[in-house]
Amino acid sequence: MPDPGQYFVALALSLLPAVLTGQGATAAPQVAWWPRLPLQGSLVRVVVGPPAGGNVTAVSGELSGEPLHFERFADGFGALGAVPFGAEDSATARLVIEHADSTSDTVSVALLVARRRVPRERLRVSPEFAEPPDSLTERIRLEQELVQGVRQRAHETPRLWRVPFVRPRASAVTSVFGVARVFNKVLRSRHWGVDFAGQIGTPVRAANRGVVALVADLYYSGTTVLVDHGAGLVTGYFHLSRVLVVPGDTVDVGQLIGRVGSSGRVTRSHLHWFAAYGGITVDPLDLVRRNGPVSLAPRPSGLPAP
């Protein structure tokens, strides 16, 4: 759990004016975010309200090096972003706020980040599962580039979802995001997703509306489907036994897209659910948390403006 003292420091800092430069309105724009103290590897909603007496026409910017796709709402502008798992103390948002008189303000905001406390999983496996042979190095590199390309192109797709996200399976979660994986007493990786229990052949459903961007058999994730939801957001469905969609298909929330399997680098059947905001891998359960950052409203009810 986040340290309570750190939370109150973050809240106090977030209520201070943002650092502002430029030639626009003299009053600092209102910048807020949710959650107030995000964990490492979390989605974040960034909200910009017009400064006093100002007339904001557009907002653009980035958070942790990834573009933010602001949309206008009744009482401000909102965008989904993310903080990396590797963020130590804070993540920086840099925003450009444009006004009707053709002036603009540049705002820099530091979002404090809380440490994500996760368990370790100690696994004893055969050597080929602990470390792939050198002969597969090039294949793995090319597959990683393929997936990274899908993730970055999601910034070029407009937001496609209009309703809340759902879990791809209703079964129990068997492994959470960020768990340290220790293979044969050596820390080799982290678990960049959430595992759901499932027997081979049981249903896997799309978390929300999007376009199927990739269907492939990959070394680590086996039979894989990646769905581009637009506005930088991608979800992935790994280790499938069967795929029921093809690249280019538009899928809807809850649509059956595949079946649970044990393909790829796994020892048992399950669904590994993956989520990313551009190049930042995030906890996919952020997508389905009540009042979470994927809410379409610019600011969840009860979140005070700075």
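Keep in mind that this is a model prediction, so the values were computed, not measured. Within every chain, residues take consecutive numbers counted from 1 along the sequence as written. Residue-level local features of this predicted model are given only where pLDDT is at least 70; pairs of side-chain atoms are given and counted only at 80 or more, and the full residue set underlies all totals for whole chains, interfaces and linings. With hydrogens and water stripped out, all remaining heavy atoms of the structure feed into the side-chain values.

Along strand 8 (residues 90-99), the buried face is formed by Ala91, Ala93, Leu95, Ile97 and His99; none of Ser90, Thr92, Arg94, Val96 and Glu98, which line the opposite face, is buried. When strand 4 (residues 56-63) meets strand 8, the two strands line up antiparallel, connected through 7 bridges. Across the sheet, residue Leu63 finds its bridge partner in strand 8, namely Ala93. One bridge is not enough; two strands pair if DSSP finds at least two bridges between them. Segments assigned H or I by DSSP are reported as helices when at least four residues long, segments assigned E as strands when at least two residues long, and all are numbered from the N terminus. As judged from the 9 bridges shared by strand 8 and strand 9 (residues 104-112), these two strands associate in the antiparallel manner. For Ala91, the partnering residue across the bridge sits in strand 9 and is Leu111. In textbook terms, the turn of a hairpin is the stretch between consecutive antiparallel strands, and for strand 8 and strand 9 this stretch comprises 4 residues, one of which, Ser102, has a positive phi near 70°. Burial classes: relative accessible area under 20% of the type maximum marks a residue as buried, over 50% as exposed, and values in between as partly exposed (1.4 Å probe, protein chains only).

To qualify as a nonpolar core, a set must consist of buried Ala, Val, Leu, Ile, Met, Phe, Trp, Tyr and Cys residues joined through side-chain atoms within 4.5 Å. Membership of the largest hydrophobic core comes to 54 residues, with the highest contact counts inside it found for Phe70 and Tyr237. Ranked by size, the runner-up nonpolar core spans 11 residues in total, among them Leu214, Leu226, Val234 and Ala276.

Turning to the sheet that holds strand 7 (residues 76-83), a few remarks are in order. Strand-to-strand pairing in sheets goes through backbone hydrogen bonds, with the strands running parallel or antiparallel. One open sheet holds the 4 strands; their spatial order is 2-3-7-6, and the pairing between them is antiparallel. Of all strands in the sheet, those bounded by a partner on one side alone are strand 2 (30-34) and strand 6 (71-73). Each strand axis lies, on average, 30° off the axis of its neighbour in the sheet, ignoring direction. Here 7 bridges tie strand 3 (residues 42-49) to strand 7, and the two strands are oriented antiparallel to one another. When the sheet's bridge partners are listed, Val46 is paired in strand 7 with Ala79. Lines fitted to C-alpha atoms define the axes, with helix axes restricted to the stretch in contact, and inter-axis angles between N-to-C directions lie between 0 and 180 degrees.

This part is about the confidence of the model for the protein chain. The predictor's confidence in any single residue is recorded as pLDDT, a number from 0 to 100. On average, residues of the protein chain score 85 in pLDDT, and 80% of them reach the 70 mark or higher. By the convention used here, residues are in contact when the closest approach between their heavy atoms is within 4.5 Å. Confidence drops under pLDDT 50 across residues 1-26; counting only partners more than four residues distant or on other chains, this segment forms 52 contacts. Predicted confidence for residues 300-306 stays below pLDDT 50, and this span has 16 contacts to residues more than four positions away or in other chains.

Bringing empty space enclosed by the protein into the picture now. Empty pockets left among the atoms are what a rolling probe the size of a water molecule brings to light. With a 1 Å grid spanning the protein atoms alone, the term cavity applies to any set of points in which a 1.4 Å probe fits but cannot get out, the term pocket to an open set with protein on both sides within 12 Å along at least five of seven lines, and the term lining residue to any residue with an atom within 4 Å of a point. Grid points are joined across faces, edges and corners, and a volume is the space filled by probe spheres set on the points. All chains considered together, the criterion is met by 1 cavity of 30 Å³ or more. Contributing to the lining of the largest cavity are 11 residues, with Arg45, His69, Glu71, Leu80 and Arg159 lying nearest its centre. The element best represented in the lining of the largest cavity is strand 7, accounting for 3 residues.

This paragraph deals with the pattern of salt bridges. When a carboxyl oxygen of Asp or Glu is within 4 Å of a side-chain nitrogen of Lys or Arg, the pair counts as a salt bridge. Per the counting criterion, the structure on display carries 7 salt bridges. Put simply, Glu71 and Arg159 hold a salt bridge, and the shortest N to O gap is 2.6 Å. Taken as a pair, Glu71 in strand 6 and Arg159 in the loop between helix 3 (137-153) and strand 11 (173-175) lie far apart in primary sequence, 88 residues in all. Since its relative accessible area comes to 29%, Glu71 is described here as partly exposed. Overall, the relative accessible area of 14% leaves Arg159 in the buried class. Of the charged contacts in the structure, one is a salt bridge between Glu138 and Arg141, with a shortest N-O distance of 2.5 Å. Linking Glu138 with Arg141, this pair stays in helix 3, spanning 3 residues, or about one helical turn. Classification of Glu138 by relative accessible area gives partly exposed; the value is 42%. Where salt bridges share partners, they join Arg116, Asp283, Asp286 and Arg289 into one cluster.

With that settled, consider the packing of aromatic side chains. Any two of the Phe, Tyr and Trp rings considered here, Trp counted by its six-membered ring, make a pair once their centres fall within 6.5 Å; the pair's planes then place it as stacked at under 30 degrees, edge-to-face at over 60, or tilted in between. Going through the model one piece at a time under the given rule, you end up with 7 aromatic pairs. Consider the rings of Tyr219 and Tyr220, whose centres lie 4.9 Å apart with planes at 75°: the pair is edge-to-face. Taken together, Phe85, Phe177 and Trp192 form an aromatic cluster joined through their ring pairs.

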